[in-house]
Amino acid sequence: MGRAVGGRAAALLLAGRTVSRFGSSFYLVALPLYVLERTGSLGASGLFFTLTSLPPLLAVPFLGPLVERAHRKGLLILCDFGASALCALLLLFPGPPLPFLLAGTMLFHLLSHLFEIASKVLFSELCPPERLSSLNGIKSLLDHGAAVLAPAAGALLCGFRAILLLCALAYGLSALQECFIPYAPRPIQQAEPPRLRAGIRYLLGRRELFSLFLLVMALNFFVANSEEIIFPGILVELYQFPESRYGLAVSASTAGTLLASLFLIRAAHLRPLEHLRALFLVNSALMAALGLAAPLLRSVPKLYFVLFFTFQLLIGWLTACINVPLISYFQTRVPLEQQGRFFALLAFFSGILIPLGISYTGVLADWLGPGAAYACNNLCVIVLVLLVRLPA
């Protein structure tokens, strides 16, 4: 049944995801400012966000078996209604006490992880394989659009309580939309209940799949730190561009991703997965070139700004052309009975390696400079791309 009604079901799932993404973006943009205002200390704020992120992340691997056992549409509704109730509960306090806010944000992150894993598996269940690429293109467009528009809209609201009210409404609306998704769970044939250890064995036993998994982890370690370390180091410290120009330069990547998502919706027949190695190599070569050019063009900052903006536009485009087909590949090649565990492992190791990569790149940038660190990281990615086995 899920395949037969894939069009309407996918549209409702996309709509629910988008409204839910607006809610999470509102909350996660407003929360740091509120916590900093309450604590008056960047160190205390950092401790707060470490404590709210780490316990839910450690629970992520165990969410995969839950997603495979449970009614996945019901999980989405539960996550969104839970997040809506949590925001409404926080609204009862004129200024939520920090311990209560800490516990609430932990639960919020846990629900977000569960929602993300369940929605990816549900996409596989509802949508025909030949439509997954274009639907993932739409999902990428809507997700990035929400991430861009939500902070701008949130800036127009006054105070943390107004943001909480908007989040409660957004999550509640998302849950109501998801109630109307036509869905009958497909029976999953399993000899035994889904266990995390069996999911790890499955991943290790599929060489091509494991190679792609390792490559995604390498990208999270070497490249996902750009906005925290590399871009501020190059554009602010090295070139001393003002904040307005910095924001414009960094937004070029998001613009490229949005344009590529539109392209992928219409051009799924081009099969970018067949050119995955070339896309990886060109993308990393552009990043390495930006890093190498940073110290060389200091005397002509306008030229470097134009180069940075143009390359970031292309990098955003190429990144979407890599990520969207990869997700579609995982959804079609990993059996439904393994997808919950697979996506949980992917989320867990990404969540671990991104902060480790930020720390490593910060040390490397202090030693070599941000431009050289950017080039070095991407040369490592190029070597790995040449070594691993990718889908033909």
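All of these numbers come straight from a predicted model, not from anything done at the bench.

Draft legend 1. Molecular detail of the overall build of the protein chain. Across its full length, the protein chain holds 15 helices and zero strands. Computed over C-alpha atoms, the radius of gyration of the protein chain comes to 21 Å, within 12% of the 21 Å expected from 2.2 N^0.38 for 392 residues, which places it in the range of a compact globule. On the principal axes, the C-alpha backbone points of the protein chain span a range of 60 × 55 × 40 Å. Burial statistics for the protein chain: of 392 residues in total, 51% are counted as buried. Intrachain contacts of the protein chain at a sequence separation of at least 6 include 87% that bridge at least 24 residues. Carbon and sulfur atoms provide 70% of the accessible area of the protein chain, an area that totals close to 17,700 Å². Looking at the protein chain, you have 27 positive and 17 negative side-chain charges, and the mean spots of the two groups are 6 Å apart.

Draft legend 2. A look at the nonpolar core. Counting residues in each nonpolar core, the largest one holds 110 residues, and the members touching the most others are Tyr27, Leu101, Leu235, Phe280, Tyr304, Phe330 and Phe342. Take this core: its biggest share by element is 13 residues, from helix α13 (residues 301-333). The contact partners of Tyr27, leaving out residues within four places of it in the chain, are Leu90, Leu101, Thr105, Phe108, Phe160, Ile163, Leu164 and Cys167.

Draft legend 3. Highlighting the confidence of the model for the protein chain. A residue-level look at the protein chain finds 92% of positions with pLDDT of 70 or above and a mean pLDDT of 85. Between the elements of the protein chain, mean pLDDT differs from a low of 77, seen in helix α6 (residues 129-155), to a high of 94, seen in helix α12 (residues 276-296). Contacts for the low-pLDDT stretch residues 1-5, under 50 throughout, to residues beyond four places or in other chains number 13 contacts.

Draft legend 4. How the structure looks around the packing of helix α4 (residues 72-91) against helix α7 (residues 160-179). One can describe the packing of α4 onto α7 by two numbers: an axis separation of 8 Å at closest approach and a directional angle of 160°. Comparing the axis directions of α4 and α7 gives the class roughly antiparallel. For the pair α4 and α7, the sense of crossing is left-handed. Residues Lys73, Leu76, Ile77, Asp80, Phe81, Ala83, Ser84, Cys87, Ala88, Leu90 and Leu91 of α4 form the contact with α7, whose participating residues are Arg161, Leu164, Leu165, Cys167, Ala168, Tyr171, Gly172, Ser174, Ala175, Leu176, Glu178 and Cys179. Of the residues contributing to the contact of α4 with α7, the split by class is 16 nonpolar, three polar and four charged.

Draft legend 5. Local environment of the side chain of Ser211. As for its position among the elements, Ser211 is in helix α9 (residues 207-222). Apart from the residues lying within four places of it in its own chain, the contact partners of Ser211 are Val388 and Arg389.

Draft legend 6. Structural context of the pattern of salt bridges. One pass over the full model with this rule turns up seven salt bridges. For Arg72, the salt bridge is made with Glu125, and the minimal N-O distance between the two is 2.8 Å. Placement of the pair is Arg72 in helix α4 and Glu125 in helix α5 (residues 98-126), with a sequence separation of 53 residues. Side by side, Arg72 and Glu125 carry an identical accessibility label, which is buried. Note that Glu208 is salt-bridged to Arg333, the shortest N-O span being 4.0 Å. With Glu208 in helix α9 and Arg333 in helix α13, this pair connects stretches of sequence that are 125 residues apart. Residue Arg333 is classed as exposed on the basis of its relative accessible area, which comes to 52%. Connected through salt bridges with shared partners, the residues Arg17, Arg21, Glu116 and Asp143 form a single ionic network.

Draft legend 7. Highlighting the packing of aromatic side chains. Scanning the entire structure with this criterion turns up 18 aromatic pairs. Here the aromatic rings of Phe108 and Tyr171 are separated by 5.9 Å at their centres, their planes lie at 80°, and the arrangement is edge-to-face. With Phe108 in helix α5 and Tyr171 in helix α7, this residue pair connects regions lying 63 residues apart in the sequence. Here the two residues Phe108 and Tyr171 agree in accessibility, since each one is buried. For the ring pair Phe241 and Phe305, a centre distance of 5.6 Å and an interplane angle of 75° mean the geometry is edge-to-face.

Draft legend 8. Focus on a nonpolar patch on the surface. Where nonpolar side chains cluster on the molecular surface, the patch consists of Leu89, Leu92 and Phe93 and spans about 280 Å² of accessible area. Summarising the element assignment, Phe93 is placed in the loop between α4 and α5. Note on Phe93: relative accessible area 31%, which makes it partly exposed.

Draft legend 9. Representation of unusual backbone geometry within the structure. Positive phi is not limited to glycine here, since Gln240 has a value of about 55°. Tracing the chain through its elements places Gln240 in the loop between α10 (226-238) and α11 (243-266).

Draft legend 10. Fine view of α10. Here α10 contains 13 residues, and its C-alpha end-to-end distance of 15 Å is more than 12% below the 18 Å for a straight helix at 1.5 Å per residue. Of all the bends in α10, the greatest, near 40°, is centred on Pro232. All of the buried residues in α10 are Ser226, Ile230, Phe231, Gly233, Ile234 and Leu235. Turning to α10, the residues buried within the fold contact α11, α12, α13, α14 (336-368) and α15 (370-387). Residue Gln240 follows α10 closely and has a positive phi angle near 55°.

Definitions and cut-offs
- Residues numbered from 1 in each chain as written.
- Predicted model: local features only at pLDDT ≥ 70, side-chain atom pairs only at ≥ 80, totals over all residues.
- Heavy atoms only, no water.
- Helix = DSSP H or I, 4+ residues; strand = E, 2+ residues; numbered from the N terminus.
- Rg over C-alpha atoms; globule rule 2.2 N^0.38 Å.
- Buried < 20%, exposed > 50% of the residue type's maximum accessible area, 1.4 Å probe, protein only.
- Contact = heavy atoms within 4.5 Å.
- Areas by Shrake-Rupley, 256 points an atom, 1.4 Å probe, with all protein chains shown as cover.
- Lys, Arg positive; Asp, Glu negative; His and termini not counted.
- Charge placed at Lys NZ, Arg CZ, Asp CG, Glu CD.
- Core = buried A, V, L, I, M, F, W, Y, C linked by side-chain atoms within 4.5 Å.
- pLDDT = per-residue confidence, 0-100.
- Axes fitted to C-alpha atoms, helices over the stretch in contact; angles between N-to-C directions.
- Parallel < 35°, antiparallel > 145°, perpendicular 65-115°, else oblique.
- Left-handed = near helix turned anticlockwise from the far one by under 90°.
- Nonpolar A, V, L, I, M, F, W, Y, C, P; charged D, E, K, R; others polar.
- Salt bridge = Lys/Arg side-chain N within 4 Å of Asp/Glu carboxyl O.
- Phe/Tyr/Trp six-rings, centres within 6.5 Å; stacked < 30°, edge-to-face > 60°.
- Patch = residues over 30% accessible without salt bridge, like charges linked within 9 Å, V, L, I, M, F, W, Y side chains within 5 Å.
- Expected span 1.5 Å × (residues − 1).
- Bend = angle between axes of the 7 residues up to and from the residue.

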